[in-house]
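Residue-level structural notes
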Amino acid sequence: MKVKIVNTSPYPAPEYATPLSAGMDLKANISEPVVLGSLQRVLIPTGIFISLPQGYEAQVRPRSGLAAKHGISVLNAPGTIDADYRGEIMVALHNHGEIPQTVENGERIAQLVITPFLKGIFTETEVLTGTERGS
C-alpha cells in the first residue's frame, strides 16, 4: 500500500528496519535537546505528515528500548492518526521514571504502525446474548 508523505525533517522517511517489522521508527525533529523531567510529558514534533487511504489508521506506539531503559513511553499509547488528519505527527512522550531524561534531535522516539480498521454500527437492544464469562 502506498502512503503519501511530506517529510520536513532532515532525516529519511520512516521505513521498516527488517522485512518482518510491523512498525517504522519516528524520530524527534527538534531544534535543541528537550529535557523530560520526572513524571513530565512533552509533545515532540517529527516533521512527518501523511495521507492514509480510507479504512486505515496509523498508530503511534512506544519504543520498547526507551521504556525499558529510560522509563519513557508514549503517553496516549497507542495514539491514533485518522485517515483524514493532515497535520504533523507529534509524539506525546512521558517520563515515568525518577531521573530526568534528554530527548535529542534525530533520536528514535516512537514507532508508527499502519493498520486497517472496521467501523462498528451500534444497534440498540434490550438484552445481550449470554456468554460463559458473563459480566
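That block above? That's the structure.
In this report, the structure presented in the accompanying data block is examined. The model shown is predicted, which means the values in this text are computed figures rather than measured ones.

**Comments concerning the overall build of the chain**
- Within the chain one finds one helix and 11 strands.
- Rg of the C-alpha trace for the chain: 18 Å, well past the compact-globule value of 14 Å for 135 residues, more than 25% over.
- In terms of principal-axis extent, the alpha carbons of the chain reach across some 55 × 40 × 30 Å.
- By sequence separation, contacts in the chain at least 24 residues apart represent 71% of the contacts at least 6 residues apart.

**Focus: the nonpolar core**
- Val60 and Leu93 are the most contacted members of the largest nonpolar core, which has 24 residues in total.
- When contributions to this core are tallied by element, the ones reaching two or more residues are β2 (24-27), β3 (34-36), β5 (48-51), β6 (56-61), β7 (72-74), β9 (90-95) and β11 (108-116).
- Apart from residues no more than four positions distant in its own chain, Val60 is found in contact with Leu26, Val74, Ala77, Pro78, Gly79, Ile81, Ile89, Val91, Ala110, Gln111 and Leu112.

**Brief notes about unusual backbone geometry**
- Residues Ala77 and Pro78 are joined by a peptide bond in cis, for which omega reads -10 degrees.
- Along the chain, the position of Pro78 falls in the loop between β7 and β8 (79-81).
- Positive phi outside glycine occurs at Leu39, with the angle close to 65 degrees.
- When you line up the elements, Leu39 lands in the loop between β3 and β4 (41-45).

**Focus on the pattern of salt bridges**
- Counting across every chain of the model gives two salt bridges.
- When the shortest N-O distance is used, the salt bridge between Arg108 and Asp25 registers 3.0 Å. You can see Arg108 sitting in strand β11 and its partner Asp25 sitting in strand β2, a full 83 residues away along the chain.
- Several salt bridges converge on common partners, so that one network encompasses Asp25, Arg63 and Arg108.

Cut-off values and rules
- Residues numbered from 1 in each chain as written.
- Predicted model: local features only at pLDDT ≥ 70, side-chain atom pairs only at ≥ 80, totals over all residues.
- Heavy atoms only, no water.
- Helix = DSSP H or I, 4+ residues; strand = E, 2+ residues; numbered from the N terminus.
- Rg over C-alpha atoms; globule rule 2.2 N^0.38 Å.
- Contact = heavy atoms within 4.5 Å.
- Core = buried A, V, L, I, M, F, W, Y, C linked by side-chain atoms within 4.5 Å.
- Buried < 20%, exposed > 50% of the residue type's maximum accessible area, 1.4 Å probe, protein only.
- Salt bridge = Lys/Arg side-chain N within 4 Å of Asp/Glu carboxyl O.

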